[in-house]
Amino acid sequence: MVSHGAAAASTRPNVVGMRPDDLHIDTIAVHTGRDDLAALGVHALPIDLSTTNPLPDIEHGGDSYESMATGGRPLPDGGMVYARLWNPTVARFEKALAELEGAETAVAFASGMAATTAMILAHTGTTGTRHIVAVRPLYGGTDHLLESNLLGTATTYCEQDEVGASIRDDTALVVIETPANPTLDLVDIAAVVAQAGDVPVVVDNTFATPVLQNPIALGATMSLHSATKYIGGHGDVIAGVIACDEATATRLRSVRAITGAILHPLGAYLLHRGLATLPLRIRAQQENARRIAEWLGTQSAVRQVYYPGVDGDPRGIIGRQMRGTGAMLAIGLHGGYAAASELTSKVRLFEHAVSLGGVDSLIQHPAALTHRPVPPEVRPSAEVVRLSIGIENVDDLVADLAQALG
Ligand SMILES: *Cc1c(COP(=O)(O)O)cnc(C)c1O
């Protein structure tokens, strides 16, 4: 049974009037963010599509507008005004995600990259401190955003043990990702937080999901997700979400309102609906991934398997920081780029496509695709292929890889 650690449970708000300590994550996932539904007289999640909302009067409407434009919530007697500022379907999903993460609140965005952009602007835009410390590897898009200096930031890249030494007086943010895309490198969140001191740490938690890892309980300021991946789980929503404290959320919502990066309510509905099966999906996908990682380790065409724990877990992260090993893996092929190209074109059940985390299995070549913008000297090797394992029958998946490798 997957359940939250004590640290996460203690910060978790009530779910349907029960004591959170009595509940497992499977139960929370089904009921979370639904406590206002009975009062609305409905059972399923409603979808609010209004772009604009009736104003009570100029004064109250104006006050509510100002509250939201500066990152606050709608005022009870002022209304929601305009859906770029606030949407109830989005807010309900945010509440649910925050509860799963053991965080005070959450802020949802139109994509993972919109979330990352708002997160960087919220920490560098107004403070005058524009230095970021980051540990590679990172998702290719995140790497691209930092490396391009598009947002006027300067980034120092370092190993996870060098974060403390890399922080300057003007450092605004520490950016880490664990397990990291694409080679599943594990970063010790608590150790990085300890080195960061007062500097906020953001953890890209996309690969682990709240089911396997809760960065906030380990001291991180923000847990960021490309909700496009496991949280959506069905390959039909582009979205991002950041779990955090209310003060951080206020800054994030203000940037979101000003730059127009809010998630669409239809996406929020699908994500919230999908949360109910998130623990179930992660367990099934992880079980398949473990079996496939093991099998791949016995194949002569495979030079190396990248999967959490295969290196013996020298930092002791599995069990302490992560409640499992997840469902992403990568392999290095003896035949290099040519072998990678052959494998990705020969699979039949695995789809050759970027993205990850869905119920269906995907395979892709990071160096050519997701990590193409990363500078060549730190780009994943051309022999590396990344696999996202779905919920299909594991024997069928192994048979597909066997015919494609053989
Ligand atoms: C996909 C991804 C992102 C970017 O998210 P989008 O929803 O595609 O904008 C960020 N981080 C990780 C780890 C990802 O896999």
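Think of each chain on its own: its residues are numbered from 1, step by step along the sequence as written. Only residues with pLDDT of at least 70 get local features here, since the model is predicted, and only at 80 or more are side-chain atom pairs given and counted; chain-wide, interface and lining totals rely on the full set of residues. Side-chain figures throughout are based on the complete set of non-hydrogen atoms in the structure, without hydrogens or water.

Quick reminder of the rule: UniProt positions are given in the numbering used here, feature names are shortened, and annotations may be inferred rather than shown by experiment.
If you check an unreviewed UniProt entry, the protein chain appears there as PLP-dependent transferase from Microbacterium kribbense. The UniProt entry for the protein chain carries the following comment under Sequence similarities (unreviewed entry): "Belongs to the trans-sulfuration enzymes family." Checking UniProt for the protein chain, the heading Cofactor (unreviewed entry) contains the comment "pyridoxal 5'-phosphate".

## Quick look at the environment of Gly 125
Which entries qualify depends on this criterion: What counts as a helix is a DSSP run of H or I of at least four residues, what counts as a strand is a run of E of at least two, and both are numbered from the N terminus. Exposed residues in this analysis have more than 50% of their type's maximum accessible area, buried residues have under 20%, and partly exposed residues fall in between, with area computed by a 1.4 Å probe over protein chains only.
Among the structural elements, Gly 125 can be located in the loop between α6 (112–124) and β2 (131–134). With a relative accessible area of 42%, Gly 125 lands in the partly exposed category. Along the backbone, Gly 125 and Thr 52 are 73 residues apart, and their C-alpha atoms lie at a distance of 28 Å.

## Structural notes on the layout of surface pockets
Selection rule: Grid spacing is 1 Å over the protein atoms alone, the probe is 1.4 Å, and a cavity is where that probe fits but cannot get out, while a pocket is an open set with protein on both sides within 12 Å along at least five of seven lines and lining residues have an atom within 4 Å of a point. Grid points are joined across faces, edges and corners, and a volume is the space filled by probe spheres set on the points. Only Asp, Glu, Lys and Arg are considered charged, only Ala, Val, Leu, Ile, Met, Phe, Trp, Tyr, Cys and Pro nonpolar, and every remaining residue, Gly among them, polar.
By volume, the largest pocket amounts to about 450 Å³. In terms of lining, the largest pocket is formed by 25 residues, of which the most central are Gln 160, Leu 184, Asp 185, Leu 186 and Asp 311. Looking at which element gives the most residues to the lining of the largest pocket, the answer is strand β8 (residues 302–306), with three residues. Residue composition of the lining of the largest pocket, grouped by class: 15 nonpolar, four polar and six charged.

## Some details on the site of the ligand
For the record, the criterion: For this purpose, a residue is taken to be near a molecule or strand whenever a single non-hydrogen atom of the residue falls within 4 Å of it. Whenever two N or O atoms come within 3.5 Å, that pair is a polar contact, provided that in protein one can donate a hydrogen and the other can accept it, and provided that, for residues adjacent in sequence, both atoms are side-chain atoms.
Among the 13 residues in the neighbourhood of the ligand, the closest are listed as Met 113, Asp 204, Ser 226, Thr 228 and Lys 229. A distance of 3.3 Å separates an oxygen atom of the ligand from a polar atom in the side chain of Asn 181. Here Lys 229 contributes a side-chain N or O atom positioned 2.7 Å from an oxygen atom of the ligand.

## Some words on the pairing of β2
Applicable threshold: Orienting the strands away from the viewer, one traces the path from the first strand over the helix to the second; a clockwise path indicates a right-handed crossover. Strand pairing follows a simple DSSP-based rule, namely that at least 2 bridges must link the two strands.
Residues His 131 and Val 133 line one face of β2 and the alternating positions Ile 132 and Ala 134 line the opposite face, and both faces are buried. Each parallel crossover has a hand, and the one from β2 via helix α7 (residues 140–148) to strand β3 (residues 154–157) is right-handed. Here β2 runs beside strand β4 (residues 171–177); their pairing, made up of four bridges, is parallel. Counterpart to Ile 132 in the pairing with β4 is Leu 173.

## Structural notes on the sheet that holds β8
Note the threshold: Throughout, a contact is declared for two residues whenever any of their heavy atoms are within 4.5 Å. Under this scheme, a helix contributes an axis fitted over its contacting stretch, all axes are lines through C-alpha atoms, and angles between N-to-C directions fall in the 0 to 180 degree range.
Ordered in space as β8-β9-β12-β11-β10, the five strands form an open sheet in which the pairing is mixed. If you trace the sheet from one side to the other, it starts and ends with β8 and β10 (351–352), each paired once. Summarising the sheet, strand β9 (residues 328–333) and strand β12 (residues 384–388) pair through five bridges and their orientation is antiparallel. What sits directly across from Met 328, in β12, is Ser 388. Against the sheet, helix α14 (residues 336–346) engages β9, β10, β11 (362–364) and β12, with an angle of about 130 degrees to β9.

## So, the side chain of Gln 321
Inspection of the secondary structure puts Gln 321 in the loop between β8 and β9. Gln 321 sits in the buried class, given a relative accessible area of 4%. Within polar-contact distance, the side chain of Gln 321 engages the backbone oxygen of Val 187 at 2.9 Å. Of the polar contacts made by the side chain of Gln 321, one reaches the backbone nitrogen of Ile 189; its length is 2.8 Å. Discounting residues that sit within four places of it in the chain, Gln 321 has contacts with Thr 178, Val 187, Asp 188, Ile 189, Ala 190, Leu 212, Gln 213 and Leu 218.

## Quick notes on the nonpolar core
Our working rule: Take the buried Ala, Val, Leu, Ile, Met, Phe, Trp, Tyr and Cys residues and link them wherever side-chain atoms come within 4.5 Å; each set so joined is a nonpolar core.
Grouped together as the largest cluster of nonpolar side chains are 66 residues, with contacts concentrated most on Phe 93, Ile 292, Leu 296, Leu 329, Ile 331 and Leu 387. For this core, the element with the most residues is helix α13 (residues 278–296), which contributes seven residues. Beyond its immediate chain neighbours, meaning those up to four positions away, Leu 296 contacts Val 302, Val 305, Leu 329, Ile 331, Leu 401 and Leu 405. In terms of nonpolar packing, the next biggest core, distinct from the first, is built from 26 residues, Ala 114, Met 119, Leu 145 and Ala 172 among them.

## Things to note about the pairing of strand β6 (residues 222–226)
Counting buried residues along β6, five of its five residues qualify, which places the element largely inside the surrounding structure. Along β6, one buried face is formed by Met 222, Leu 224 and Ser 226 and the opposite face, lined by Ser 223 and His 225, is buried too. Bridge count for strand β5 (residues 201–204) against β6 is three bridges, and the pairing is parallel. Bridge pairing in β6 links Asp 204 to Leu 224.

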